[in-house]
Amino acid sequence: MVHNFNAGPSILPRTVIEDAAAAVLNFNNTGLSILEYGHRTPAFTAVMEEARALVKELMQLDAQHEVLFLHGGASTQFMQVPMNLLDTKEKAAYTDTGVWGSKAIKEAKLFGKVEVVCSSKDKNYTYIPKDFAVPNDSRYLHITTNNTIYGTQWQKIPKTSNPLVADMSSDIFSRVLDFNAFDLIYAGAQKNMGPSGVNLVVVNKNMLGKIKRTIPTIMDYRNHINEGSMLNTPPVFAVYVCLLTLRWLQSIGGVAAIEKINNEKAALLYNEIDSNELFTGTVKKEDRSKMNVCFVMNDPALESSFLEYTTSLGIVGIKGHRSVGGFRASLYNALPVSSVQVLVDAMRTFAGKK
Ligand SMILES: *Cc1c(COP(=O)(O)O)cnc(C)c1O
């Protein structure tokens, strides 16, 4: 039994893996593999349409919000967002809460003016900045809702009169939010939704067509909207696996139901970190992520033997990111509570607790 705490690509529901494997052999009883199946066929068009509709339903999106599945990871959106929303002489506000946010800032600077309105770099990104002002003339405010590497998460989405843009790669579909309050949401699929190679983009169409720049065809969201997210060959297999995950999420009760389970998993692990004298959390408590739990051992010399011990129990993927060290346990939607319990039991046993 493997307990998969990988940060990304990461765990998917077992039934999704099985159904995806079956479709690789024989998609929809066509006798063809999904890997060799045409995207402009009724069967695949139905996949794309159901996936887009399920996102709308799970996020309870209004009619202004369009759902797209696009090529490339979240990193492609670092440039595609400002290319579509920000004119050369205009300004956008960005929050610097980690490596991914900084990369988004770097790309946005290629297209317009960027004002970094807050940063938690001074403490190696271990907290979420609270007091900052967004200039009125910013075209939008960009946030990273969950900082995958450091294990911080915006528990409260900042209120702003400016349009709101969010990189939700690592906490999409993990908690109930007012998704209509966002004007653009993007997420690489490989943390909470599917395999890598596809990006979910949710965009308020009223935001588009407001700039003077000529946008390359494939980069212009409007073209993808007009073509039903089938402007060119979509990542067929990746979209199919996303659909399977979305169906799974809906079948267990949707975002509200998974949020309860995610809360339970996070509480279980953080409680152990806080009560076990061998371990310390690295993040300011109020900003702790429910998706990526970062912690260190008070005696770093014990870390390699703890890692060895957990590996012997089938625990995979808890070694911390190189910029933080220690451990990072990712508790994405598909990870069962029982896997977290195995990790917690390992921490207790290692500390000589009963
Ligand atoms: C993983 C991740 C990215 C990068 O995604 P790619 O698909 O590799 O481009 C960006 N932002 C966040 C928050 C992430 O967790």
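Residues numbered from 1 in each chain as written. Predicted model: local features only at pLDDT ≥ 70, side-chain atom pairs only at ≥ 80, totals over all residues. Heavy atoms only, no water.

K.L.:
Is there a simple way to explain helix 8 (residues 303–312) in this structure?
P.N.:
Three or four residues apart is the spacing at which side chains of an α-helix point the same way, because the helix has 3.6 residues per turn. Those residues of helix 8 lying buried are Glu-303, Phe-306 and Thr-310. Down the axis, helix 8 shows its buried residues gathered within 60 degrees of arc, on one side only. Of the exposed residues in helix 8, the ones pointing more than 90 degrees away from its buried face are Ser-304, Glu-308 and Ser-312. In this fold, the buried residues of helix 8 make contact with strand 11 (279–281), strand 12 (292–297), strand 13 (315–316), strand 14 (327–330) and helix 9 (337–350). Of the residues one or two after helix 8, Gly-314 is the one with positive phi, at around 90 degrees. (Buried < 20%, exposed > 50% of the residue type's maximum accessible area, 1.4 Å probe, protein only. Helix = DSSP H or I, 4+ residues; strand = E, 2+ residues; numbered from the N terminus. Arc of directions from axis to C-beta. Contact = heavy atoms within 4.5 Å.)

K.L.:
Would you take a moment to explain the pattern of salt bridges for this structure?
P.N.:
As a working rule, side chains carrying opposite charge can pair if their charged atoms are close by. Counted by the stated rule, this structure contains 16 salt bridges. When the shortest N-O distance is used, the salt bridge between Glu-18 and Arg-14 registers 3.8 Å. Remark: Arg-14 and Glu-18 occur in helix 1 (residues 14–25); sequence separation between them is 4 residues, near one turn of the helix. Notably, a salt bridge pairs Asp-171 with Arg-175, separated by 3.0 Å at the nearest N-O pair. Take Asp-171: its relative accessible area is 3%, and that puts it in the buried class. Connected via shared salt-bridge partners are Glu-49, Arg-52, Glu-66 and Lys-205. (Salt bridge = Lys/Arg side-chain N within 4 Å of Asp/Glu carboxyl O.)

K.L.:
I keep staring at the site of the ligand and nothing clicks. Help me out?
P.N.:
The environment of the ligand is made up of 13 residues, and the closest members are Ser-75, Thr-148, Asp-167, Gln-190 and Lys-191. Between the ligand and the protein, one listed contact pairs an oxygen atom with a backbone N or O atom of Ala-74 at 3.2 Å. Note that a nitrogen atom of the ligand is positioned 2.7 Å from one of the side-chain N or O atoms of Asp-167. Alone, the ligand offers 390 Å² of accessible surface; in the complex the protein occludes 86% of this. For the shell around the ligand, the leading source of residues is helix 3 (residues 74–85), giving 3 residues. (Near = heavy atom within 4 Å. Polar contact = N/O pair within 3.5 Å; in protein donor to acceptor, adjacent residues only side chain to side chain. Areas by Shrake-Rupley, 256 points an atom, 1.4 Å probe, with all protein chains shown as cover.)

K.L.:
Please clarify how the packing of helix 6 (residues 236–251) against helix 7 (residues 254–275) should be interpreted in this entry.
P.N.:
To describe two helices that pack against each other, one gives the angle between their axes and the distance between the axes. Two elements in contact, helix 6 and helix 7, have axes separated by 7 Å at closest approach and are oriented at 80 degrees. Accordingly, the angle class assigned to the pair helix 6 and helix 7 is roughly perpendicular. Two secondary-structure elements touch here, helix 6 through Trp-248, Leu-249 and Gln-250 and helix 7 through Gly-254, Val-255 and Ile-258. Residue classes in the contact of helix 6 with helix 7 are distributed as 4 nonpolar, 2 polar and no charged. (Axes fitted to C-alpha atoms, helices over the stretch in contact; angles between N-to-C directions. Parallel < 35°, antiparallel > 145°, perpendicular 65-115°, else oblique. Nonpolar A, V, L, I, M, F, W, Y, C, P; charged D, E, K, R; others polar.)

K.L.:
How should the domain arrangement of the chain be read in this particular structure?
P.N.:
By a widespread convention, an interface's size corresponds to the accessible area lost as its parts come together. For the chain, the domain assignment lists domain 1 (14–251) and domain 2 (254–353). Taken together, the contact pairs 26 residues of domain 1 with 25 residues of domain 2. Here domain 1 packs against domain 2, burying approximately 2100 Å² in sum over the two surfaces, 52% of which is carbon and sulfur. Run the count over domain 1 and domain 2 and you get 2 salt bridges. We note a salt bridge from Lys-130 to Glu-286, for which the minimum N-O separation is 3.1 Å. Summed over the shared surface of domain 1 and domain 2, the result is 16 residue pairs in polar contact (both at pLDDT 80 or more). (Domains from an automatic or database assignment. Buried area = accessible area lost by both parts, 1.4 Å probe.)

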